[in-house]
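Residue-level structural notes
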Amino acid sequence: MTTQRPIRTRFAPSPTGFLHVGGLRTALYAYLLAKKEGGTFVLRIEDTDQSRSVDGAVENLLETLAVTGIEPDEGPRLADVDHDMDELHVEEVGEHGPYIQSNRLDVYKHYALQLVEQGDAYPCFCTPERLEQMRTEQQKAKQPPKYDRHCLSLSEEEVVRRIEAEESHVLRLRMPADQTITWEDAVRGTVSFESNLIDDQVLLKSDGFPTYHLAVVVDDHLMEITHVIRGEEWLSSTPKHLALYNAFGWEPPIHVHVPLLLNPDKSKLSKRQGDVSVEDFLDDGYLVPALVNFIALLGWNPKSEQELFSITELVEAFSLEDLNKSGAIFDRDKLNWMNGEYIKQHDTMDLLMHAHPFYDEKGLLEEAAKRVGASNKMDQIVMEEIAKSLSIEQTRLEKLSQVGEETDYLFVNALNYPAEDLIWKKSTQEDTVLYLNALQDLLSERPEDTWVTDALEKDVISWIAENNWKNGDVLWPLRVALTGKPKSPGPFESLWALGKERSLERISRAIELLAA
Ligand code: GLU
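Structural notes, computed from the coordinates. (Residues numbered from 1 in each chain as written. Predicted model: local features only at pLDDT ≥ 70, side-chain atom pairs only at ≥ 80, totals over all residues. Heavy atoms only, no water.)

Bringing the overall build of the protein chain into the picture now. In terms of regular secondary structure, the protein chain is built from 19 helices and 13 strands. With respect to the three principal axes, the spread of C-alpha positions in the protein chain is 105 × 50 × 50 Å. For the protein chain, with 516 residues in total, the buried portion stands at 49%. A fraction of 73% describes how many contacts in the protein chain between residues 6 or more apart in sequence connect residues 24 or more apart. (Helix = DSSP H or I, 4+ residues; strand = E, 2+ residues; numbered from the N terminus. Buried < 20%, exposed > 50% of the residue type's maximum accessible area, 1.4 Å probe, protein only. Contact = heavy atoms within 4.5 Å.)

Shown next as structure tokens:
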């Protein structure tokens, strides 16, 4: 199915307080399609279920989208922050607004009444008690739960009388009888539902708010949406929507139902098995481009070996035809690997800006400031210390929340470790003392201005060879002396990061420890 209209896609979240990674994926696909086709990506806030709406949720959602870079061309967005008030303001861009559904109640009412006039919808006065009783009876009789159309048989006079008496009521869609509702889904192919099995859905609630079904159809039509991209969980709603398009005489958009996100055990992705909100991932030190790259591949197959995609490459490569039908497993190990790749490729100084808050959170800025005698943790000299730590651990990190885990030895003054750790498994205590003494002599010769990783490595390695020693016998004790740990970054980068004075001090201390 093709459409001649300019491509317009939308992301239509309900403001529940956080952005689920599944929501980010929907937003991303809608964004990618729009960008690829030179179209427009619209954001619409679906807040008609007031019981689900959370204060500040819209602002929070807009902030998260802004951070991820998946920003709408049309819809609500954050206006300049009012510093005095310390408040975020939401403004709207675009000519199809308002884009927040609770500001469009008149529009829905208008269209709902049009349906009543046409005979495609009808008022229903049934009380919750009656509906409950009906459901219990249906259950007993093993019938599918469905409104029994009690109010469809009310006479016109009775309807008018009860409405005039302001009796509480809803408006229901009158599902057409004996029809097979079919559409060509861009992911799932031909999908059909029997209209007789579908409930007469409530369109307008007694409080004047529309239900999702009415609002989504009216808005997608008025906002000229050409592609509705959403999670598979909405599949069974689509026949109701198509019945509405048909009743209005509107052309339906192309439907694109993307597969569910699953835990490794194939259950629906849930918080019980780890974070699910975009904010949580960012707080844990995942980089935006890595998260976006990973999310893009959950349900989309680029049909190539390439795994790392920048957002520009995603726009270029994306196509609806390459979306998968089957559920996509949210493989956290793969995300960690991918994030590690992005961390590795980052320029260290630039990465430092992202990593800085994580060092701060762990109190490492204060520790470094204390150690170097800086007056506060924002001093340039503290930044330099942190940069050293980062350049050592950059290739080892899977996420920024791990900073300092392997480089903690840089931040302390004295190390605490058992003397035996210094001895390489095939070596002896005596030889270890000999190597450390020799290393101390060698290293004290090197001037401070050439105290850099590569030069130190070249020196030490060729010197070991000249002495006919084995690398392991000498480098193991050196590394433990510097870091206090058997598993730690390499000795040369540690020599560099600690500097000459601290390195020599640590070697002497190791010698003392072995002698004791
Ligand atoms: N408001 C729905 C949600 O919360 C949107 C579903 C759709 O895209 O039609 O996901």
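Structure's up, so let's keep going.
Taking burial as the measure, the five residues of strand 10 (residues 227-231) include five buried ones, the bulk of the element. Direction of pairing for strand 10 relative to strand 11 (residues 254-258): parallel, over a ladder of five bridges. Across the sheet, histidine 227 pairs through a bridge with isoleucine 254, a residue of strand 11. In this fold, strand 10 hands off to helix 7 (residues 238-248), which returns the chain to strand 11; that crossover is right-handed. (Pairing = 2+ DSSP bridges. Right-handed = clockwise from strand over helix to strand, strands pointing away.)

For the rest of this paragraph, the subject is the packing of aromatic side chains. Following the criterion strictly, the structure yields 16 aromatic pairs and no others. Relative to phenylalanine 248, the ring of tyrosine 111 has its centre 5.6 Å away and its plane inclined at 85°; by these criteria the two rings are edge-to-face. A residue pair is termed long-range when its members are at least 10 positions apart, and tyrosine 111 in helix 3 (residues 105-118) and phenylalanine 248 in helix 7 qualify at 137 residues. Overall, the relative accessible area of 10% leaves phenylalanine 248 in the buried class. With centroids separated by 5.9 Å and ring planes inclined at 45°, the aromatic side chains of tryptophan 300 and phenylalanine 318 adopt a geometry described as tilted. You can see tryptophan 300 sitting in the loop between helix 9 (288-296) and helix 10 (311-317) and its partner phenylalanine 318 sitting in the loop between helix 10 and strand 13 (328-329), a full 18 residues away along the chain. (Phe/Tyr/Trp six-rings, centres within 6.5 Å; stacked < 30°, edge-to-face > 60°.)

This part covers the pattern of salt bridges. Oppositely charged side chains are able to pair whenever their charged atoms sit close together. For the structure on display, the rule yields 29 salt bridges. A salt bridge links aspartate 219 to arginine 104; the shortest N-O distance between them is 2.8 Å. Of this pair, aspartate 219 sits in helix 6 (residues 212-222) while arginine 104 sits in the loop between strand 4 (90-93) and helix 3, and the two are 115 residues apart along the sequence. With respect to class, aspartate 219 is no different from arginine 104; both count as buried. A salt bridge links glutamate 406 to lysine 487; its shortest N-O distance comes to 3.9 Å. Note that glutamate 406 is positioned in the loop between helix 14 (380-393) and helix 15 (408-411) and lysine 487 in the loop between helix 18 (471-483) and helix 19 (491-515), a separation of 81 residues in sequence. One salt-bridge network, in which partners are shared between bridges, spans Arg10, Arg44, Glu46, Arg104, Asp219 and Asp220. (Salt bridge = Lys/Arg side-chain N within 4 Å of Asp/Glu carboxyl O.)

Judged by nonpolar contacts, the single largest core of 108 residues is most densely connected at Trp300, Leu323, Phe330, Tyr359, Leu443 and Val460. Other than its neighbours up to four places away in sequence, leucine 443 contacts Trp451, Leu456, Val460, Leu495, Lys500, Leu504 and Ile507. Grouped together as the second largest cluster of nonpolar side chains are 28 residues, Leu171, Leu173, Met175 and Leu203 included. (Core = buried A, V, L, I, M, F, W, Y, C linked by side-chain atoms within 4.5 Å.)

Turning our eyes to something else, we now look at the site of the ligand. All residues adjacent to the ligand are Arg10, Ala12, Ser14, Glu46, Tyr212, Val216, Arg230 and Trp234. The contact in question runs from an oxygen atom of the ligand to an N or O atom on the side chain of arginine 10, over 2.6 Å. Between the ligand and alanine 12, the relevant distance is 2.8 Å, taken from a nitrogen atom to a main-chain nitrogen or oxygen of the residue. When the ligand is considered free in solution it has 300 Å² of accessible area, and contact with the protein chains removes 84% of it. A per-class count over the shell around the ligand returns four nonpolar, one polar and three charged. (Near = heavy atom within 4 Å. Polar contact = N/O pair within 3.5 Å; in protein donor to acceptor, adjacent residues only side chain to side chain. Areas by Shrake-Rupley, 256 points an atom, 1.4 Å probe, with all protein chains shown as cover. Nonpolar A, V, L, I, M, F, W, Y, C, P; charged D, E, K, R; others polar.)

Our focus in this paragraph is the side chain of serine 488. Within the element layout of this structure, serine 488 appears in the loop between helix 18 and helix 19. Among the polar contacts made by the side chain of serine 488, one reaches the side chain of threonine 483 at a distance of 3.0 Å. Of note is the side chain of serine 488, whose polar atom sits 3.3 Å from the backbone oxygen of lysine 485. The residues contacting serine 488, other than those within four sequence positions of it, are Arg396, Glu406, Arg479 and Thr483.

Attention now goes to helix 3. In an α-helix there are 3.6 residues to a turn, and that puts residues three or four apart on one side. The end-to-end C-alpha separation of helix 3 is 20 Å, in line with the 20 Å expected for 14 residues at 1.5 Å each. The complete set of buried residues in helix 3 reads Tyr108, Tyr111, Ala112 and Leu115. Projected onto a plane normal to the axis of helix 3, the buried residues spread over an arc of 100° and lie on a single side. Exposed side of helix 3, more than 90 degrees from the buried face: Asp106 and Glu117 are the residues found there. In the core, the buried residues of helix 3 are packed alongside strand 5 (121-124), strand 6 (170-173), strand 9 (202-204), helix 6 and helix 7. Directly after helix 3, the chain includes glycine 119, whose backbone phi takes a positive value near 85°. (Expected span 1.5 Å × (residues − 1). Arc of directions from axis to C-beta.)

Before going further, it helps to examine the sheet that holds strand 5. What the three strands build is an open sheet, ordered 5-6-9; its pairing is antiparallel. In the strand order of this sheet, the two ends are held by strand 5 and strand 9, each with one partner. Across the sheet, the mean angle from the axis of one strand to that of its neighbour is 45°, orientation sign disregarded. Note that strand 6 and strand 9 share two bridges and pair antiparallel. Paired with leucine 171 across the two strands is leucine 204, which belongs to strand 9. Packed on one face of the sheet, helix 3 meets strand 5, strand 6 and strand 9 and runs near 125° to strand 9. (Axes fitted to C-alpha atoms, helices over the stretch in contact; angles between N-to-C directions.)

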